[in-house]
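Residues per chain, in single letters:
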Amino acid sequence: MSSDRLLGAIGLILGVAFIWSATQIETGFIVDPLGPRTFPVIVGGVLALASLFILLRPDPKPDWPIASRWMEIVAAVAVLIGYSLFLEEVGFVVATAIAAALLSWRLGSRLHWAVVSGIGISLGIYAIFHLVLGLSLAKGPLGF
Amino acid sequence: MDILTNLAQGFDVALTWQNLGLALIGCLLGTIIGALPGLGPSNGVAILIPLAFTLGLPATPALILLTSVYYGAMYGGRISSILINIPGDEPALMSTLDGYPMARQGKAGEALALSGTASFVGSFLATIGVALFAPLLVQVALLFGPAEYFALFTLAFATLGGVSSANQGKSAMAAALGLGIAMIGIDGSTGTQRFTFGNIHLLEGIDFLVAIVGLFAISEVLLFMEHKGEGTPSGVKLDRITVPLSTLRRCFGAMMRGSGIGFIAGILPGAGASLGSFVAYTMEKRISDGNKTFGKGDPRGLAAPEAGNNASAGGALIPMLSLGVPGSGTTAVLLAMLLTLNITPGPLLFQNNPDVVWGLIAALFIANIILFAMNVPLVGLFVQVLQVPPRVLMPTVAMVSAVGIYGLSGSTFDLLLMVGFGVGGYMLRKLDVPLVPIILGILLGNQMEDNLRRALTISNGDWSILWASPLAIALWSLAVIGFVAPMILGRFLRPELPASTAEALDTD
């Protein structure tokens, strides 16, 4: 099954689910001719129709990355999710230094250079955005 | 001479030290962002909006900063096109055709100076055009009722894929996805919850800035992870950066024609800067290529598309400011910024906040002059920027994006959402689904529904009000034509993109 057929199938399911979900929206006391359901139903309809079109007339397969590159992307996403979850626990400077170093390493820096870039990026952003521009960044237990 | 008085007022607003400083910073950042392969005007501006907002800049200064970035990025895109044959952004693609051969012939400095001049001519003429035509379009906009606005939004979505769109099914899917995301949260007029699944974070809906930064910036980082920063440019040497007067004279016609075509392409919904520079190049080739020198380093083949892409950047501001309907990716991002600042573009903007509009137009003139000064004598500095390797640049982009989003709400839920949009954006880009309609859908979804609601309230539920006026019928017809035409014409008008660079490029 080509990628586009899968995309179309997912879109179609999403569209139908969206329409069904829209019909479940509770209407309030305020009534106007349109109501809260109609527009989402139209949108879901467009989504389903467009997806059906893609399903029936798919484009040629895109060149997906090979397995090892997929791992890189999954790893990068994991780093970013971890960053989001632990940012407030460890504070901006530490979290950013670690996340930036990991990303830089996976993009091909030597390990020690990755550590240097990570710390540099973190301190650079902290200096510019917090110290100079006064933006509030997440404070960790250490106060930065 | 209404316009002159208005402009004088605008310069009054723009010519403060703070605003001049912001314009300078914006131009500098913009040129750098434009020059870096992989970062273009839309993701550049996208990263900076949350920052400008959290810094608490008032409307006019924020607008000046970000439009300077926008114009700057249009200038900067040419630098890597000419020097390393990798366009910094999609509109700069046509500049590689004759710019890179010029650089290979040892005329890199001349090519940079010439293209800088052409960019200046293009944006300067287009900015004059904005001052002249935007108020005229406002007169037209006053004729719009809710039904006409609903038709206009549909028109914007139908044409956003552009004449060069490869697959209209995917454009429509993207628009529906965006509109669907906009439905999440409490419905403003009836107070009912929609698609929130009981999650309190979703009650207020999804902040479009989170979606924009995720879709544009984070997906870009993921694309770089996939390619592991391949194709890093190596050192480039520059000779003297001047352009002989005779060459300038020879290119004068090319610049003028390029500016005119680019400006019109910019105003048209959905055409955008890429098409502007593409048509400018193709037409110049037809007119001037007597000796078959185009594609081999003919300066006119560089001047025309450069003037064209910068002129269309100016032209694209007209529908965005006067109707509130953007015609390209970057103007959609600029619209996001206006909405963040609580400024609703449209006819009322010109009546209620003339200082914002004319201050902005004055700032564009100022930014243009700053950019000209930066990009001709000082271009050597920006060439250094190309040496920054992606393994430092991309982590920085990811982290600055996170800082902006966290700064907005202080919520880690938004950070997770941003990463989610990044993953979604990456998959959709791989699958050739355009991202701009998604953004526009998220931005305009609620307004579109409100206009439909108002129209139906006026008519007491009679749907025929949507096509009751000649203006509405005209808009619907244009929407249908705009949606169907690319399926027929697309293969003739589509700029030929090398498959490998196409996915990595930022749409204007």
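Preceding this section is the structure that the text describes.
Residues numbered from 1 in each chain as written. Chains lettered and ligands numbered in written order. Predicted model: local features only at pLDDT ≥ 70, side-chain atom pairs only at ≥ 80, totals over all residues. Heavy atoms only, no water.

Student: Lay out the overall build of chain B with the relevant residues and their values.
Tutor: A count of helices and strands for chain B gives 21 helices and two strands. Counting only residues that meet the buried cut, chain B has 64% of its 508 residues in that class. Sequence separation of 24 or more characterises 81% of the internal contacts of chain B that already satisfy a separation of 6 or more. As presented, chain B carries roughly 17700 Å² of accessible surface, and 65% of it is formed by carbon and sulfur atoms. (Helix = DSSP H or I, 4+ residues; strand = E, 2+ residues; numbered from the N terminus. Buried < 20%, exposed > 50% of the residue type's maximum accessible area, 1.4 Å probe, protein only. Contact = heavy atoms within 4.5 Å. Areas by Shrake-Rupley, 256 points an atom, 1.4 Å probe, with all protein chains shown as cover.)

Student: Describe the packing of helix α7 (residues 168–183) of chain B against helix α19 (residues 436–458) of chain B, naming the residues involved and giving the relevant values.
Tutor: Residue and element names in this part refer to chain B. With their axes 7 Å apart at the nearest point, α7 and α19 run at an angle of 50 degrees to one another. Judged by the angle between their axes, α7 and α19 are oblique. Between α7 and α19 lies a crossing whose hand is right-handed. Here α7 contributes Ser-171, Ala-174, Ala-175, Gly-178, Leu-179, Ile-181, Ala-182 and Met-183 to the contact with α19, which in turn contributes Pro-437, Ile-438, Gly-441, Ile-442, Gly-445, Asn-446, Met-448 and Glu-449. Counted by class, the contact of α7 with α19 contains ten nonpolar, five polar and one charged residues. (Axes fitted to C-alpha atoms, helices over the stretch in contact; angles between N-to-C directions. Parallel < 35°, antiparallel > 145°, perpendicular 65-115°, else oblique. Left-handed = near helix turned anticlockwise from the far one by under 90°. Nonpolar A, V, L, I, M, F, W, Y, C, P; charged D, E, K, R; others polar.)

Student: Residues and numbers for a nonpolar patch on the surface, please.
Tutor: All names here are of chain B. On the surface, a cluster of nonpolar side chains totalling about 610 Å² of accessible area is made up of Leu-125, Ile-128, Leu-132, Phe-133, Leu-136, Phe-252 and Met-256. Elements supplying a minimum of two residues to the nonpolar patch: α5 (95–141) and α9 (245–267). Residue contributions to the nonpolar patch peak at five residues, all from α5. (Patch = residues over 30% accessible without salt bridge, like charges linked within 9 Å, V, L, I, M, F, W, Y side chains within 5 Å. Salt bridge = Lys/Arg side-chain N within 4 Å of Asp/Glu carboxyl O.)

Student: Before we move on, can you summarise the pattern of salt bridges with the specific residues and values?
Tutor: Residues and elements named next belong to chain B. According to the stated counting rule, one finds twelve salt bridges over all chains in the structure shown. Arg-429 is the salt-bridge partner of Glu-220, the closest N and O atoms lying 2.9 Å from each other. Of this pair, Glu-220 sits in helix α8 (residues 208–227) while Arg-429 sits in helix α18 (residues 412–430), placing them 209 residues apart in sequence. Linking Glu-284 and Arg-257 is a salt bridge whose minimum nitrogen-to-oxygen distance equals 3.0 Å. One end of the pair, Glu-284, is in helix α10 (residues 272–288); the other, Arg-257, is in helix α9, and 27 residues separate them in sequence.

Student: So, the interface of chain A and chain B: which residues are in play, and what are the values?
Tutor: With 65 residues of chain A at the contact, the number on the chain B side is 64 residues. Between chain A and chain B, a total of about 5500 Å² is buried, with carbon and sulfur atoms accounting for 78% of that surface. Applying the counting criterion to the chain A and chain B interface returns two salt bridges. One salt bridge connects A:Asp59 with B:Lys170, and the closest N-O pair in it is separated by 3.0 Å. Listed by contribution, the elements that provide at least two residues to the side of chain A that touches chain B are α1 (3–23), α2 (38–56), α3 (67–90), α4 (92–106) and α5 (111–132) of chain A. Among the elements that make up the side of chain A that touches chain B, the one with the highest residue count is α3(A) (13 residues). When the residues that make up the side of chain A that touches chain B are grouped by side-chain class, the tally is 42 nonpolar, 14 polar and nine charged. (Buried area = accessible area lost by both parts, 1.4 Å probe.)

Student: So what about the side chain of B:Asn310? Which residues, and what values?
Tutor: One can find B:Asn310 in helix α11 (residues 299–315). Apart from residues no more than four positions distant in its own chain, B:Asn310 is found in contact with B:Tyr71, B:Met74, B:Tyr75, B:Ser119, B:Gly122 and B:Ser123.

Student: An account of the packing of helix α2 (residues 17–35) of chain B against helix α15 (residues 354–375) of chain B is needed here, citing residue identities and associated values.
Tutor: Think of two packed helices as two axes; the pair is described by the angle between the axes and how far apart they sit. Residues and elements named next belong to chain B. At their nearest, the axes of α2 and α15 sit 10 Å apart, and the two run at 50 degrees to each other. With respect to each other, α2 and α15 are oriented oblique. α2 and α15 meet at a crossing whose hand is right-handed. In this structure, α2 uses Leu-20, Ala-23, Leu-24, Cys-27, Leu-28 and Thr-31 to contact α15, whose residues at the interface are Ile-366, Ala-367, Ile-370, Leu-371, Met-374 and Asn-375. Residue composition of the contact of α2 with α15, grouped by class: ten nonpolar, two polar and no charged.

Student: Can you break down helix α4 (residues 59–84) of chain B residue by residue, with the values?
Tutor: Along an α-helix, residues three or four positions apart point the same way, because every turn accommodates 3.6 residues. For α4(B), built from 26 residues, the straight-helix expectation of 38 Å at 1.5 Å per residue is met to within 8% by its first-to-last C-alpha distance of 38 Å. At the exit of α4(B) stands B:Asn85, carrying a positive phi of roughly 65 degrees. (Expected span 1.5 Å × (residues − 1).)

Student: So what about the packing of aromatic side chains? Which residues, and what values?
Tutor: In the structure shown here, the tally under the stated rule is 14 aromatic pairs over all chains. Ring geometry for A:Trp64 versus A:Trp70: centroids 5.8 Å apart, planes at 25 degrees, classification stacked. Here A:Trp64 falls in the partly exposed class, since its relative accessible area comes to 23%. Ring geometry for B:Phe150 and B:Trp476: centres 6.1 Å apart, planes at 55 degrees, overall tilted. Of this pair, B:Phe150 sits in helix α6 (residues 146–160) while B:Trp476 sits in helix α20 (residues 470–493), placing them 326 residues apart in sequence. For B:Phe150, a relative accessible area of 8% puts it in the buried group. Here A:Arg106 stacks its cationic end above the ring of A:Trp105, 4.6 Å away from the centre of that ring. (Phe/Tyr/Trp six-rings, centres within 6.5 Å; stacked < 30°, edge-to-face > 60°. Lys NZ or Arg CZ within 6 Å of the ring centre and 35° of its normal.)

Student: I'd like a rundown of the environment of A:Leu102, residues and numbers included.
Tutor: Residues and elements named next belong to chain A. In this structure, Leu-102 sits in helix α4. The class of Leu-102 is partly exposed, set by a relative accessible area of 35%. Residues Leu-102 and Gly-124, 22 residues apart in the sequence, show an inter-C-alpha distance of 17 Å.

Student: I'd like a rundown of the nonpolar core, residues and numbers included.
Tutor: Among the nonpolar cores identified, the biggest contains 201 residues, and A:Phe92, B:Tyr70, B:Ile79, B:Leu83, B:Met399 and B:Leu443 are the most heavily contacted of them. With 16 residues, the top contributor of residues to this core is α5(B). Beyond its immediate chain neighbours, meaning those up to four positions away, B:Leu443 contacts B:Phe208, B:Ala332, B:Leu335, B:Ala336 and B:Leu339. In this structure, B:Leu275, B:Phe278, B:Tyr281 and B:Phe294 belong to the second largest nonpolar core, which totals five residues. (Core = buried A, V, L, I, M, F, W, Y, C linked by side-chain atoms within 4.5 Å.)

Student: Can you break down the environment of A:Ala67 residue by residue, with the values?
Tutor: Residue and element names in this part refer to chain A. Residue placement: Ala-67 occurs in helix α3. Judged by its relative accessible area of 60%, Ala-67 is exposed. Through-space distance from the C-alpha of Ala-67 to that of Ile-13 is 28 Å; in sequence the pair is 54 residues apart.

Note that every value here comes from positions in space, so none of it alone points to a role or purpose.
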